[in-house]
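# Summary of structural features
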Amino acid sequence: MTVICFASVRGAPGTTTTALAVASWLEDSVLVEADPDGGVLALRYGLGREPGLTTLAVSPLLDAQGLRAHAQLLPGGTPVIVAPESSSQVTHVWRAAGARLGPLLASSGTGHVIVDVGRVGASSPALPFAGAADVLVLVCRPLAEEVIPTAERALALGRENPHVGIVLVGDRPYGPADVEAQLGVTVLGVVTHDPKGALALAGGRAVRSLGRSPLMRTSRALATALVEIGAPDDVERAVDSTEVSA
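First, a word on scope: everything that follows refers to the structure included in this document.

What follows concerns the nonpolar core. With 41 residues, the main nonpolar core has Val32, Leu53, Val115 and Val117 as its most contacted residues. No other element matches helix α5 (residues 87-106), which puts six residues into this core. Apart from residues lying up to four places away in sequence, valine 117 is in contact with Cys5, Phe6, Ala7, Ala34, Asp35, Pro36, Trp94, Ala126, Phe129 and Ala130. The next biggest cluster of nonpolar side chains, apart from the first, holds 34 residues, and it includes Ala19, Trp25, Ala42 and Ala200.

Okay, structure coming up:
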């Protein structure tokens, strides 16, 4: 079981989209929406607000089936634990139960838990959990105003968690080699800047129906890389090998 946490530092680089795309390629995965600024997936996909993060937060303990009891299925079949749209509600969940969420997810028995915690500023209630994940992915666009503060935060969080790195959404004007050489941070991968694919996801399209889009193809490679970092023994069985038609 691997907990992979997706976050950002500045702007809206596509953290939720990247987490959703990666989760769709991993067998036996559950996506947990836990952004303190509020959730978007229930509204986007026409899901109920419960079960979800609020019911998970009051659960005393979990096994694999118990975690899925708090999930709903996205089009295409990816289980997701949705967060309420209200930032005050999600922040309350983190402040009341954040210390329990990490151990709950880590002991769930689910193959891969993908957690979207939104922006991890210095005051984010999700920051301790993000730092304790098996792999912490900071998503940013390769622009100086985003990549510099993201690299600084990655290096700071890396003092507590060795499996911290950046995922770039696009590779211009700065590619992975530029970022690593100039800022001294690990780049875990690059997801293609694919506005058409991202817009289709934001509009509620089934993730797997976009399987041949640039976004989904590069997300599949990223999923493989993250599993290798977080759980090397599970690599061969972790990524779904099913071909998806466009």
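A few words on the packing of helix α1 (residues 15-25) against helix α10 (residues 214-230). Two elements in contact, α1 and α10, have axes whose closest approach is 8 Å; the angle formed by their N-to-C orientations is 70°. Our classification of the angle between α1 and α10 gives roughly perpendicular. Along its contact with α1, which presents Thr17, Thr18, Ala21, Val22, Ser24 and Trp25, the element α10 presents Leu215, Met216, Ser219, Arg220, Leu222, Ala223 and Leu226. The residue inventory of the contact of α1 with α10, partitioned by class, reads eight nonpolar, four polar and one charged.

Take the packing of aromatic side chains next. Per the counting criterion, the structure on display carries one aromatic pair. Ring geometry for tryptophan 94 against phenylalanine 129: centres 5.6 Å apart, planes inclined by 45°, an arrangement best described as tilted. Taken together, the positions of tryptophan 94 in helix α5 and phenylalanine 129 in helix α6 (residues 127-132) put the pair 35 residues apart, joining distant regions of the chain. An identical accessibility class is assigned to tryptophan 94 and phenylalanine 129; each is buried. The ring of tryptophan 25 carries arginine 220 above its face, with NZ or CZ at 4.7 Å from the centroid.

A few words now on the sheet that holds strand β6 (residues 135-140). Strand order in the open sheet formed by eight strands is β3-β4-β2-β5-β1-β6-β7-β8, with mixed pairing between adjacent strands. Only two strands of the sheet have a single neighbouring strand rather than two, namely β3 (72-73) and β8 (187-191). Note: strand β1 (residues 2-8) against β6, four bridges, orientation parallel. Residue pairing for β6: alanine 7 is matched across the bridge by leucine 138. The strands that α1 touches are β1, β2 (29-33), β5 (112-119), β6, β7 (164-169) and β8; relative to β1, the one it contacts most, it runs at about 155°. Sheet strands in contact with α5 are β1, β2 and β5, and its direction is about 155° off that of β5.

A few words on the pairing of β6. Burial analysis of β6 places six of its six residues in the buried class, the great majority of the element. Neither face of β6 is left uncovered, since the one carrying Val135, Val137 and Val139 and the one carrying Leu136, Leu138 and Cys140 both have all their residues buried. Remark: the β6/helix α7 (residues 144-157)/β7 crossover connection has right-handed handedness.

Cut-off values and rules
Residues numbered from 1 in each chain as written. Predicted model: local features only at pLDDT ≥ 70, side-chain atom pairs only at ≥ 80, totals over all residues. Heavy atoms only, no water. Core = buried A, V, L, I, M, F, W, Y, C linked by side-chain atoms within 4.5 Å. Buried < 20%, exposed > 50% of the residue type's maximum accessible area, 1.4 Å probe, protein only. Helix = DSSP H or I, 4+ residues; strand = E, 2+ residues; numbered from the N terminus. Contact = heavy atoms within 4.5 Å. Axes fitted to C-alpha atoms, helices over the stretch in contact; angles between N-to-C directions. Parallel < 35°, antiparallel > 145°, perpendicular 65-115°, else oblique. Nonpolar A, V, L, I, M, F, W, Y, C, P; charged D, E, K, R; others polar. Phe/Tyr/Trp six-rings, centres within 6.5 Å; stacked < 30°, edge-to-face > 60°. Lys NZ or Arg CZ within 6 Å of the ring centre and 35° of its normal. Pairing = 2+ DSSP bridges. Right-handed = clockwise from strand over helix to strand, strands pointing away.

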